[in-house]
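Structural overview
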Amino acid sequence: MGNTIQGLPNANLGLGASIQSTGAGDSSDFFETLRGAMSQVEQLHVDAQGKVAGMLNGTGDDVHSAMIAVEKADLAFEMMVQVRNKIVQAYQTVSQMQF
Amino acid sequence: MNLFGMFQISGSALRAERERAELAASNLANAETTRTVEGGPYRRQDIVFASRPSLPSGFAITLASFTDLHAQGVQVAGVVQDNAPPARRFDPGHPDADATGYVDFPNINPVEESVNLMEAARSYQFNVSAVQATKAMIQSAIGIAQS
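Think of each chain on its own: its residues are numbered from 1, step by step along the sequence as written. All chains are assigned letters beginning at A, and all ligands numbers beginning at 1, according to the order in which they are written. The predicted origin of the model limits local features to residues at a pLDDT of at least 70 and limits the giving and counting of side-chain atom pairs to 80 or more, whereas totals for whole chains, interfaces and linings rest on all residues. Each side-chain value is derived from all of the structure's non-hydrogen atoms; neither hydrogens nor water enter the calculation.

**Digging into the overall build of chain A**
- Secondary structure follows DSSP: runs of H or I at least 4 residues long count as helices, runs of E at least 2 residues long count as strands, and numbering of each begins at the N terminus. Each helix and strand in chain A was counted, giving three helices and zero strands.
- When the helices and strands of chain A are placed in sequence order, the string is α-α-α.
- Burial classification: accessible surface area is computed with a 1.4 Å probe over protein chains only, and a residue below 20% of its type maximum counts as buried, one above 50% as exposed, and the rest as partly exposed. When burial is assessed residue by residue, chain A has 17% of its 99 residues classed as buried.
- What sets the accessible areas is the Shrake-Rupley method with a 1.4 Å probe; for residues, cover comes only from the shown protein chains. Approximately 7500 Å² of chain A is accessible, and the part contributed by carbon and sulfur atoms is 62%.

As structure tokens, this is what we get:
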């Protein structure tokens, strides 16, 4: 019993330290990754836009390559939305914790 | 390779099949052509396909040889001319007739070209199905996150 009570403050201290480190350094790994993924998704959308414009202008882009680019962008966006949903869900779970 | 690599492979096949259909259409369109830039009647053209790694650069190919990436796209290796002798038809009124009244027409069989065209169109459909299958695979993978 005494052991567990002594162990608890230690664990608490560790958690507090890790939260502080993510809060202080604004560019934590996770958010950097997320930002990178989002810019990649955006890049796919730019690619798709360029391909569709190229196809419509008749500058040599094939119909299928335009459609594939659009599909890629669509799937990447869908993926991003799912990741976002998961993050929001996790946030809500934590914010609704009862103390 | 990620799943988008499948898009690249199918895309290369779609492009190749489109070029094949273009050649078949060109052969059909020029079945009666007696004048070309090179002189003489139009010559039937055929397409040659070659497989290639879907990753374009030399470094990527080397890298792929160290990993287990065996999937390959397709590319058009070249266009070959059919050197079959032209079909000679007697038509003295034709402006391109020679002294004996015969005209050199391209040796093109429209039925054969139609079959080529149908084949190209079917292959195109198969590859479109592959793209749709890829899309379905990715969507079901994304569906893992949905509960």
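**Some thoughts on helix H3 (residues 63–95) of chain A**
- In a helix, the anticipated span is given by 1.5 Å times the number of residues less one. Compared with an ideal rise of 1.5 Å per residue, which puts 33 residues at 48 Å, H3 of chain A spans 47 Å between its outermost C-alpha atoms and is within 8% of the ideal.
- The set of residues buried in H3 of chain A consists of His64, Ser65, Ala66, Ile68, Ala69, Glu71, Lys72, Ala73, Leu75, Ala76 and Gln82 of chain A.
- Where H3 of chain A is buried, its residues touch helix H2 (29–57) of chain A together with helix H1 (4–29) and helix H3 (110–142) of chain B. We call two residues contacting when some pair of their heavy atoms lies within 4.5 Å.

**Notes on the side chain of Arg44 of chain B**
Residue and element names in this part refer to chain B.
- Among the secondary structure elements, Arg44 is positioned in the loop between H1 and strand E1 (45–53).
- By the criterion applied in these results, polar contacts are pairs of N or O atoms within 3.5 Å in which, for protein atoms, one can donate a hydrogen and the other can accept it, and in which residues neighboring in sequence qualify only through two side-chain atoms. For Arg44, the side chain forms a polar contact with the side chain of Asp46, separated by 3.1 Å.
- Residue contacts for Arg44: discarding those within four places in its chain leaves Asn27, Val80, Gln81, Asp82, Asn107, Ile108, Glu112, Glu113 and Asn116.

**Observations regarding the confidence of the model for chain B**
Residue and element names in this part refer to chain B.
- Scored from 0 to 100, pLDDT reflects the predictor's confidence in each residue. For chain B, mean pLDDT is 86; residues scoring 70 or higher make up 85% of the total.
- Ranking the helices and strands of chain B by mean pLDDT puts H3 first, with 93, and helix H2 (residues 58–66) last, with 64.
- Across the interface, the model reports ipTM at 0.72; the global pTM reads 0.74.

**Quick word on the pattern of salt bridges**
- We count a salt bridge whenever a side-chain nitrogen from Lys or Arg sits within 4 Å of a carboxyl oxygen from Asp or Glu. Evaluation of the coordinates by the stated rule reveals 16 salt bridges over all chains.
- Of the charged contacts in the structure, one is a salt bridge between Arg18 of chain B and Asp62 of chain A, with a shortest N-O distance of 2.9 Å. Of this pair, Arg18 of chain B sits in helix H1 while Asp62 of chain A sits in the loop between H2 and H3, placing the two residues on different chains.
- Judged by relative accessible area, which is 10%, Asp62 of chain A ranks as buried.
- Of the charged contacts in the structure, one is a salt bridge between Asp46 of chain B and Arg44 of chain B, with a shortest N-O distance of 3.1 Å.
- By relative accessible area, which is 8% here, Arg44 of chain B ends up buried.
- In the salt-bridge network here, residues are joined through shared partners; they are Asp62 of chain A together with Arg15, Arg18, Glu19 and Glu22 of chain B.

**Brief notes about the interface of chain A and chain B**
- Of the residues lining the interface, eleven residues belong to chain A; the matching set on chain B comes to 15 residues.
- The contact between chain A and chain B buries some 1300 Å² in all, and 66% of this surface belongs to carbon and sulfur atoms.
- As a working definition, buried area equals the accessible area (1.4 Å probe) given up by two parts on being put together, with both sides summed. Broken down residue by residue, the surface that chain A buries against chain B is led by His64, Leu75 and Gln82 of chain A, which jointly contribute 40%.
- Inspection of the chain A/chain B interface yields three salt bridges.

**Points about the nonpolar core**
- With seven residues, the main nonpolar core is built from Ile68 and Leu75 of chain A together with Phe7, Leu14, Val131, Ile138 and Ile142 of chain B.
- Of all the secondary structure elements, the ones that give two or more residues to this core are H3 of chain A together with H1 and H3 of chain B.
- When residues in this core are grouped by element, the largest group, three residues, is from H3 of chain B.
- In this view, Leu14 of chain B contacts His64 and Ile68 of chain A together with Tyr124, Asn127, Val128 and Val131 of chain B; residues no more than four positions away in its chain are not counted.
- The nonpolar core is taken to be a set of buried Ala, Val, Leu, Ile, Met, Phe, Trp, Tyr and Cys residues, with the residues joined through side-chain atoms within 4.5 Å. In this structure, Val41, Leu44, Ala69 and Ala73 of chain A belong to the second largest nonpolar core, which totals six residues.

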